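Descriptive analysis of the structure
Listed below, chain by chain, are the residues.
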Amino acid sequence: MNCVELQQSLAEVDDASTAEQQAHVRSCPTCAALVKELNQIIAAAVDLRAADEPSPRVWANIEAALRQEGLIRPVSQPFLPSLSAGWRAVAWLVPAAAMLLLSLGIYLHRQTSPLHAPAEASLSVAAPADAVDSDLLQEIAQNSPAMKTQFEENLRQVNQAIVDSQGWVAENPNDAEARRSLLDAYHQKSMLFEMAMDRSLQ
Amino acid sequence: MLSSGAVKLMSLGLVFAGTLAAQTKKELRFSVGPKAGVSVTNPYGSISVKPSNGKIILVDAVLHSDKVEIDNSQNGNRVDIESHLLAGADADSGRVDYEILVPADASINLHCSTGSLRAEKLHGDVTLEGAGADVDVRDVSDAHLHIKTMNGAVNLDNIQNGHVEVDSVSGDVTMRSVNGPLIQVVSTSGRINYTGDFGSSGEYRLTSHSGDIDAVIPEWTSADVVAHSVKGEVHDDIPLQPKSHTWFAVEKGRAFAGTMGRVAVSSTVVLRTFSGKIHLRKRQEKQ
């Protein structure tokens, strides 16, 4: 069984429990990662069914009202504690969690018909995580200093893409294409974190 | 008395000889069965994979200093090779260049952070990941092809019946004669160039946030094409039969949707950018 056959077989046996599937998963890290991610999504999706999120327009209105009231301001503090003090051992859980959330976002997005996506799907919009970025760059500077500038520049580009898409989505919450661009930008950011964890950089 | 030219020549010779002395070659050989798996992790340097003549894997490695070693293991039909950096190794002294021959049906998994990744004439699954690595894949058929780069350029040439997924943050992606059931490219700022005929019944999804997308196709292509740029422009040099229904408003200059050629055998083509330009061009046929 090769990667294509495995992915086709997952439509019938999605937990990859057959002997043939297991044999391929044991020898292919890419498919092993895919099966693991699918299992996580399936487990998390069960909990999500209970959630009944209002449309993004509701969130946008609430946010606008809170800003008008002066109750919220642009984020000046990192939304996560600094990973440098005592958190370093679990630092990589952050991108892992981000990847899981991202996968969930994509999964939910794909489950929704494009015609109904703007009204039914919800998408949380967050600013690029500067604190996490600088921890990532610090790790790269230690492990692979030659790559730091390249990672810095690419993180900047991905963060810019996130900000661009966020701005457009905030102004046009029903624009499914812009929402997809935002998801793609998050996906690219998670890929950067994944690359930083690659053994070739350790 | 030696002339200054002769002294320079001798100095150059000594430097060259020193470099050669620091380099060492290592050869490895593994016997494997059908559909073997080969994984290579190499922080600095190039990896090139070509087909071998039998059920053997031959590894030729050039180590650029004694600050790097090669670890290898074979577990049944699976071979793992890793460049192991020793204390004080950097991008120059830790460099290893690999030339590897594998059975054409082997699945390969190559990782490096700089250098280049090349694979050709294979028909097993190919996974290539490299942050700053340039990727070049050619003459591959019936394979699942996964490529991830950060800023390395990706070149795909003559990929037939492939299941291709490319993710690149800022590297340009160039495809020539690439077709198959799924061809998917996602980039943030990289430019995407496609030259080919979009196959006969595949799904082609090319997406770049701010990079331009350029598709050059022959007039006889059969495809169901949708192109959309949120803030950029779209241009279409080929007459399309407009679609009666799309999932987005077709705003002139920002989107187009239509079919060309024989609908019954057409592929689905989706070209998307946020702020880049999309251009669907007609290939100039040779006289």
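Here is a short report on the structure shown in this document.

Cut-offs applied
Residues numbered from 1 in each chain as written. Chains lettered and ligands numbered in written order. Predicted model: local features only at pLDDT ≥ 70, side-chain atom pairs only at ≥ 80, totals over all residues. Heavy atoms only, no water. Helix = DSSP H or I, 4+ residues; strand = E, 2+ residues; numbered from the N terminus. Expected span 1.5 Å × (residues − 1). Buried < 20%, exposed > 50% of the residue type's maximum accessible area, 1.4 Å probe, protein only. Polar contact = N/O pair within 3.5 Å; in protein donor to acceptor, adjacent residues only side chain to side chain. Salt bridge = Lys/Arg side-chain N within 4 Å of Asp/Glu carboxyl O. Pairing = 2+ DSSP bridges. Axes fitted to C-alpha atoms, helices over the stretch in contact; angles between N-to-C directions. Parallel < 35°, antiparallel > 145°, perpendicular 65-115°, else oblique. Left-handed = near helix turned anticlockwise from the far one by under 90°. Contact = heavy atoms within 4.5 Å. Nonpolar A, V, L, I, M, F, W, Y, C, P; charged D, E, K, R; others polar. Buried area = accessible area lost by both parts, 1.4 Å probe. Phe/Tyr/Trp six-rings, centres within 6.5 Å; stacked < 30°, edge-to-face > 60°.

**Quick word on helix α9 (residues 176–196) of chain A**
All names here are of chain A. Compared with the 30 Å implied by 1.5 Å per residue over 21 residues, the 31 Å span of α9 between its first and last C-alpha is a close match. Where burial is concerned, most of α9 is hidden: 17 out of the 21 residues are buried. Residue Asp175 occupies the N-cap position of α9, its side-chain oxygen lying 3.1 Å from the main-chain nitrogen of Glu177.

**Some points on the pattern of salt bridges**
Residue and element names in this part refer to chain B. Taken as a whole and assessed by the stated rule, the structure comprises 19 salt bridges over all chains. A salt bridge links Asp97 to Arg95, with the nearest nitrogen and oxygen atoms 3.0 Å apart. In this structure Asp97 comes out as buried when scored by relative accessible area, which is 17%. Judged by its relative accessible area of 30%, Arg95 is partly exposed. Residues Asp214 and Arg281 are paired through a salt bridge, measuring 2.9 Å at the closest nitrogen-oxygen approach.

**Let's talk about the sheet that holds strand β9 (residues 116–120) of chain B**
Residue and element names in this part refer to chain B. Spatially, 12 strands are ordered β1-β4-β7-β3-β9-β11-β13-β15-β17-β19-β25-β21 in an open sheet, and the strand pairing comes out mixed. In the strand order of this sheet, the two ends are held by β1 (24–31) and β21 (234–236), each with one partner. Strand-to-strand, the axes of this sheet are offset by a mean angle of 10°, without reference to chain direction. As paired elements, strand β3 (residues 47–51) and β9 share three bridges and run parallel to each other.

**Here's the deal with the packing of helix α7 (residues 130–143) of chain A against α9(A)**
All names here are of chain A. Viewed as axis vectors pointing N to C, α7 and α9 meet at an angle of 30°, and their least axial separation amounts to 11 Å. Considered as vectors, α7 and α9 are oriented roughly parallel to each other. In this structure, the crossing between α7 and α9 has a hand that is left-handed. Residues Val132, Asp133, Leu136 and Ile140 of α7 form the contact with α9, whose own contacting residues are Lys189, Phe193 and Ala196. Split by residue class, the contact of α7 with α9 holds five nonpolar, no polar and two charged.

**Side note on the interface of chain A and chain B**
Contacts between chain A and chain B engage 37 residues on the former and 42 residues on the latter. With both sides pooled, the region where chain A packs onto chain B buries about 3400 Å², and carbon together with sulfur makes up 56% of that total. Applying the counting criterion to the chain A and chain B interface returns three salt bridges. Salt-bridge contacts for A:Glu177 lead to B:Arg272; the nearest nitrogen and oxygen are separated by 3.0 Å. For the pair chain A and chain B, the interface holds 11 residue pairs in polar contact (both at pLDDT 80 or more). Contributing elements (two or more residues each) for the side of chain A that touches chain B: α1 (3–9), α3 (29–48), α8 (148–171) and α9 of chain A. Ranked by residue count, the leading element in the side of chain A that touches chain B is α9(A), at 11 residues. Of the residues contributing to the side of chain A that touches chain B, the split by class is 16 nonpolar, 13 polar and eight charged.

**Focus: the packing of aromatic side chains**
In this description, a pair of aromatic rings is defined by centroid distance and the angle of the planes. Residues and elements named next belong to chain B. Under the criterion given, the structure shown has four aromatic pairs over all chains. Measuring from ring centre to ring centre gives 4.5 Å for Tyr194 and Phe198, while their planes differ by 5°; the resulting arrangement is stacked. Ring centres of Phe198 and Tyr204 lie 5.1 Å apart, and the angle between their planes is 70°; this geometry places the pair in the edge-to-face category. Take Phe198 and Tyr204: they sit in the same class, and that class is buried. Here the aromatic residues Tyr194, Phe198 and Tyr204 are joined through ring pairs into a cluster of three or more.

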